[in-house]
Amino acid sequence: MDATTSGTPTIQYHNIPDQSITAIVATPLPTFQRQQRHCFGDKSPGEFPLSANPSIVLHVLTACNLDPQDLAKLEASAMLICISTVNQPANFAPDFNLSLSELAALDMCQKRAIFKPMTTEQRQDLKQRCGGSWKLVLRYLLAGEACCRREKSQAIAGPGHSIAVTSKGVVYSFGSNNSGQLGHGTTEEEWRPRPIRNLQGIRIIQAAAGAGRTMLISDSGQVYAFGKDSFGEAEYGVQGSKTVTVPQLVESLKNIFVVQAAIGNFFTAVLSREGRVYTFSWGSDGKLGHHTDASDMEPHPLLGALEDIPVVQIAAGYCYLLCLACQASGMSVYSVGCGLGGKLGHGSKTDEKYPRLIEQFQLLNLQPMVVAAGAWHAAVVGRDGRVCTWGWGRYGCLGHGNEECELVPKVVEALSNVKAVHVATGDYTTFIVSNDGDVYSFGCGESASLGHSAGNDGQVPGNRHANVLSPELVTSLKQINERVVQISLTNSIYWNAHTFALTESGKLYAFGAGDKGQLGIKLVTNQTERGNPERVDIDLG
């Protein structure tokens with residue numbers, strides 16, 4: 001058993017050609033006459049040796065890091081003699097009744113950071129919540145890692161301030177600091193990226209930034225918050241005047257292992273390790289199915305359809321929430337909250353008190369893999385690379401060549417030749433990252449945050465604020481000769497927007513508004529924005 005240069009093991013045995021397990025499963029085998037083969041031990045000639053050595057099969061399945069779907073195909077297949085052992089009890093610890101494919105899935109689950117610290121009881125609860133299979137648990141864990149860059153470097157372009165997290169969990173902050181949202185113990189602006197000293201010894205895996213506030217999530221599921229002292233305060237509201245200038249543990253979340261946070265207008269949502277959604281301070285009108293006032297600091301579980309369905313990603317916009325759910329039947333998207341502009345995707349502009357399934361994806365035969373919630377519009381990337389957008393199409397932010405509203409998700413036809421892997425939305429702005437690292441943007445061109453039409457000196461010509469109604473390649477990012485893996489842009493209707501592009505090697509580039517130092521780049525006198533992407537002096541790799 002050798003490993004190829006790609007790291008995918010192959011089975012080598014006499015007249016069986018070398019091919020990856022995925023290829024073996026995916027390609028129908030031709031009918032051929034059974035041939036005599038040598039065997040190990042005292043087994044009869046002609047018996048495939050791996051069937052007598054299930055530990056080897058388990059090692060191969062685990063080492064391949066197969067997709068859960070591939071494991072399921074292997075379990076269901078009887079095309080190869082060696083696979084006949086895969087769907088039978090393997091008599092291996094920790095569960096002697098598990099098949100080899102289930103054991104392989106469990107082994108791969110145990111490599112995931114959020115799964116490792118779980119107790120046996122917690123793991124079993126998660127297994128039942130995901131549908132009763134370790135393969136489904138593995139799919140759930142991998143889906144969350146893929147869409148949220150969990151435990152990977154990331155950059156957050158907040159409203160006026162920015163957060164950057166290295167692959168080792170060190171956090172830098174810079175930009176506006178009027179409420180202490182940078183976490184440095186002061187309220188002074190910082191244009192130069194500066195590490196948050198109070199977090200020494202704590203590894204951060206996720207970050208979220210809202211108007212005047214920041215939330216950070218550690219690898220132990222703890223949540224730290226600083227800035228404005230209210231989870232639901234309006235952007236320029238009068239309540240929540242107290243400020244917190246250094247990271248403080250959110251006491252009300254201490255008993256919830258949190259893996260993601262999303263800060264919207266008037267509310268905040270968090271996602272637990274088990275895929276449960278909790279919200280703070282939605283207001284007293286009963287949205288999200290619970291009645292709270294705007295200063296409520298206690299998390300409330302999201303009621304309704306998602307109570308028993310695990311969620312892998314949440315995205316918050318202007319008074320609404322999107323949830324990417326992982327069910328045994330596949331991935332799906334639910335929405336809840338304010339329906340103005342059609343941003344909930346249900347064919348109307350009415351509000352939804354409880355999470356409701358967006359049915360259009362089934363009609364489009366699209367498996368959602370990543371969701372993004374802009375202020376008034378939303379977007380999804382499918383497993384096949386298609387992009388759907390819906391909501392208020394102002395400034396062309398939906399990419400359909402016009403400014404019309406779309407009340408249900410609609411495929412962006414201009415991207416039909418692009419296989420997308422990542423999407424980011426802001427205030428009437430949308431960015432797409434393709435599988436080869438190219439970046440496309442469309443929507444509102446204010447603050448030069450789309451990255452188009454920039455000059456070599458970083459100053460952009462007269463059309464720098466032009467709106468773009470259909471996706472256009474961001475050539476300025478193409479010129480950096482780096483593969484882009486993440487885009488983040490400001491998602492607030494009250495702040496000039498800026499944009500970050502993070503490359504595979506951990507380099508961070510910034511463009512757009514920089515009047516508060518939020519680009520992490522020192523601007524010259526009277527300069528308030530950058531049109532060309534410029535390297536920020538931090539290494540996130």
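Everything below is about the structure shown above.
Chains are numbered independently. Their residues run from 1 in the order of the written sequence. Thresholds applied to this predicted model are a pLDDT of at least 70 for local features of residues and 80 or more for the giving and counting of side-chain atom pairs; totals over whole chains, interfaces and linings are not thresholded and use all residues. Remark: hydrogens and water are excluded; side-chain values derive from all non-hydrogen atoms of the structure.

**Student:** Please provide a residue-by-residue account of the overall build of the protein, values included.
**Tutor:** Broken down by element type, the protein carries eight helices and 30 strands. Taken across its 541 residues, the protein has 58% of its residues classed as buried. Here the analysis covers contacts within the protein between residues at least 6 apart in sequence; of these, 52% occur between residues at least 24 apart. When the accessible surface of the protein is summed, it comes to about 22300 Å², and 47% of that surface belongs to carbon and sulfur atoms. Only DSSP runs of H or I with at least four residues qualify as helices, and only runs of E with at least two residues qualify as strands; both kinds are numbered from the N terminus onward. To sort residues, take the accessible area from a 1.4 Å probe on protein chains only and compare it with the maximum for the residue type: under 20% means buried, over 50% means exposed, and anything in between is partly exposed. In this analysis, two residues are considered to be in contact whenever any of their non-hydrogen atoms come within 4.5 Å of each other. A 1.4 Å probe and the Shrake-Rupley method give the accessible areas. Residues count as covered only by the protein chains that appear here.

**Student:** Outline the sheet that holds strand 17 (residues 330-337), supporting the account with residue identities and numerical values.
**Tutor:** Only when DSSP finds a minimum of two bridges between them are two strands counted as paired. Taken in spatial order, the four strands make up an open sheet running 15-16-17-18, and their pairing is antiparallel. Where the open sheet ends on each side, the last strands, each with one partner, are strand 15 (311-316) and strand 18 (352-357). Neighbour-to-neighbour, the strand axes of the sheet open up by a mean angle of 15°, direction not taken into account. When strand 15 meets strand 16 (residues 320-327), the two strands line up antiparallel, connected through five bridges. Following the sheet pairing, alanine 316 is matched in strand 16 by leucine 321. Helix axes use the C-alpha atoms of the stretch in contact, all axes being lines fitted to C-alpha atoms, and the angles between their N-to-C directions lie in the range 0 to 180 degrees. With respect to the sheet, helix 6 (residues 134-148) is in contact with strand 15, strand 16 and strand 17, its orientation differing from that of strand 15 by roughly 30°.

**Student:** Tell me about the pattern of salt bridges, residues and numbers included.
**Tutor:** For this analysis, a salt bridge means a side-chain nitrogen from Lys or Arg found within 4 Å of a carboxyl oxygen belonging to Asp or Glu. Counted according to the given criterion, the structure contains 13 salt bridges. Taking the shortest distance from any N to any O, the salt bridge between arginine 112 and glutamate 145 comes out at 2.8 Å. With a gap of 33 residues between them, arginine 112 in the loop between helix 4 (100-109) and helix 5 (120-130) and glutamate 145 in helix 6 connect regions that are remote in the sequence. With respect to class, arginine 112 is no different from glutamate 145; both count as buried.

**Student:** For helix 5, give the residues involved together with the corresponding values.
**Tutor:** Every buried residue of helix 5 is accounted for by Arg123, Leu126, Lys127, Arg129 and Cys130. What you see down the axis of helix 5 is that its buried residues fit within an arc of 165°, all on one side. Turned more than 90 degrees away from the buried face of helix 5 sit Thr120, Glu121, Asp125 and Gln128, all of them exposed. The elements touched by buried residues of helix 5 are helix 4 and helix 6. When we speak of the arc, we mean the arc of directions from the helix axis to the C-beta atoms.

**Student:** Explain the environment of aspartate 537 to me, using residue names and the numbers behind them.
**Tutor:** Relative to the helices and strands, aspartate 537 is located in strand 30 (residues 529-539). In sequence terms aspartate 537 and tyrosine 509 are 28 residues apart; their C-alpha atoms lie 9.1 Å from each other.

**Student:** Go over the pairing of strand 11 (residues 258-264) with me, naming the residues and quoting the values.
**Tutor:** Judged by how many residues are buried, strand 11 sits mostly within the fold: seven of seven residues are covered. One ladder, built from six bridges, connects strand 11 with strand 12 (residues 267-272); its direction is antiparallel. Across the sheet, isoleucine 263 pairs through a bridge with threonine 268, a residue of strand 12. Hairpin geometry of strand 11 and strand 12 is characterised by an intervening segment of two residues between the two adjacent antiparallel strands and by a positive phi of about 75° at phenylalanine 266.

**Student:** Give me the lowdown on the nonpolar core, citing residues and values where you can.
**Tutor:** Counting 87 residues, the largest nonpolar core has Phe115, Ile314, Leu321 and Ile487 as its most contacted members. A total of nine residues in this core trace back to one element, the largest contributor, which is helix 6. Contact partners of isoleucine 314, with chain neighbours within four places excluded, come to Gln260, Ala261, Ala262, Ala269, Val270, Leu271, Val277, Leu321, Leu322 and Cys323. Within the second largest apolar cluster, 15 residues are counted, among which are Ile205, Ala208, Val223 and Val258. To form a nonpolar core, buried Ala, Val, Leu, Ile, Met, Phe, Trp, Tyr and Cys residues must be joined to one another through side-chain atoms within 4.5 Å.

**Student:** Give a description of empty space enclosed by the protein that names residues and reports values.
**Tutor:** Put plainly, a pocket is an open set of points on a 1 Å grid over the protein atoms alone with protein on both sides within 12 Å along at least five of seven lines, a cavity is a set where a 1.4 Å probe fits but cannot get out, and a lining residue has an atom within 4 Å of a point. Grid points are joined across faces, edges and corners, and a volume is the space filled by probe spheres set on the points. All chains considered together, the criterion is met by two cavities of 30 Å³ or more. Space inside the second largest cavity adds up to approximately 40 Å³. Surrounding the second largest cavity, Ile114, Tyr140, Leu141, Gly144, Arg150, Val259, Leu271, Arg273, Val311 and Val312 form its lining. Elements with a contribution of two residues or more to the lining of the second largest cavity: helix 6 and strand 15. Top element by residues in the lining of the second largest cavity is helix 6. It accounts for three residues. Charged means Asp, Glu, Lys or Arg here, nonpolar means Ala, Val, Leu, Ile, Met, Phe, Trp, Tyr, Cys or Pro, and polar covers whatever is left, Gly included. Residue classes in the lining of the second largest cavity are distributed as seven nonpolar, one polar and two charged.

**Student:** Describe the sheet that holds strand 13 (residues 277-280), and please don't skip the residues or the numbers.
**Tutor:** Strand order in this open sheet of four strands is 11-12-13-14, and the pairing throughout is antiparallel. The two strands at the open ends of the sheet, each matched to only one other strand, are strand 11 and strand 14 (300-301).

**Student:** I'd like to hear about the packing of helix 5 against helix 6, residue by residue, with values.
**Tutor:** The geometry of helix 5 relative to helix 6 is characterised by a closest axis approach of 8 Å and an angle of 90° between their N-to-C directions. Comparing their axes, helix 6 and helix 5 come out roughly perpendicular. Side by side, helix 5 and helix 6 meet where Arg123, Gln124, Leu126, Lys127 and Cys130 of the first sit next to Trp134, Leu136, Val137 and Tyr140 of the second. Tallied by class, the residues present in the contact of helix 5 with helix 6 amount to six nonpolar, one polar and two charged. When an angle is under 35 degrees it counts as roughly parallel; over 145 it counts as roughly antiparallel; between 65 and 115 it counts as roughly perpendicular; any other value is oblique.

**Student:** Mind laying out the side chain of arginine 123, listing which residues take part and the relevant values?
**Tutor:** Of note, arginine 123 is situated in helix 5. Counting rule applied: Lys, Arg positive; Asp, Glu negative; His and chain ends not counted. Although buried, arginine 123 forms no salt bridge, and the nearest oppositely charged side chain, aspartate 107, lies 8.6 Å from it. Those residues within four positions of arginine 123 in sequence are excluded, and the remaining contacts are Gln110, Phe115, Lys116, Met118 and Trp134.

**Student:** Any chance you could break down the environment of isoleucine 521 for me, citing the residues and the numbers?
**Tutor:** In this fold, isoleucine 521 is placed in the loop between strand 29 (507-513) and strand 30. Among the residues examined, isoleucine 521 registers a relative accessible area of 7% and is labelled buried. Taking the C-alpha atoms as reference points, isoleucine 521 and glycine 175, separated by 346 residues in sequence, lie 9.8 Å from one another. In this structure isoleucine 521 touches Trp191, Ala510, Glu534, Arg535 and Val536, once residues within four positions along its chain are discounted.

**Student:** So, helix 6: which residues are in play, and what are the values?
**Tutor:** Within an α-helix, residues lying three or four positions from one another point in the same direction, as the helix has 3.6 residues per turn. Taking 1.5 Å per residue, 15 residues should reach 21 Å; helix 6 reaches 21 Å between its end C-alpha atoms and fits that length. Buried residues dominate helix 6, accounting for 13 of its 15 residues. Here a polar contact is taken to be a pair of N or O atoms separated by no more than 3.5 Å, where protein atoms must pair a possible hydrogen donor with a possible acceptor and residues adjacent in sequence count only if both atoms sit in side chains. Sitting at the amino-terminal end of helix 6 is serine 133, which places a side-chain oxygen 3.0 Å from the backbone nitrogen of lysine 135. Phi turns positive, to about 50°, at arginine 149, one or two residues after helix 6. One less than the residue count of a helix, multiplied by 1.5 Å, gives the span that helix is expected to have.

**Student:** Report on unusual backbone geometry, specifying residues and quantitative values.
**Tutor:** With a phi close to 65°, tyrosine 395 is a non-glycine residue in the positive phi region. Tracing the sequence through the fold places tyrosine 395 in the loop between strand 21 (387-391) and strand 22 (406-411). Phi angles above zero are rare outside glycine, and asparagine 526 is one such case at about 70°.

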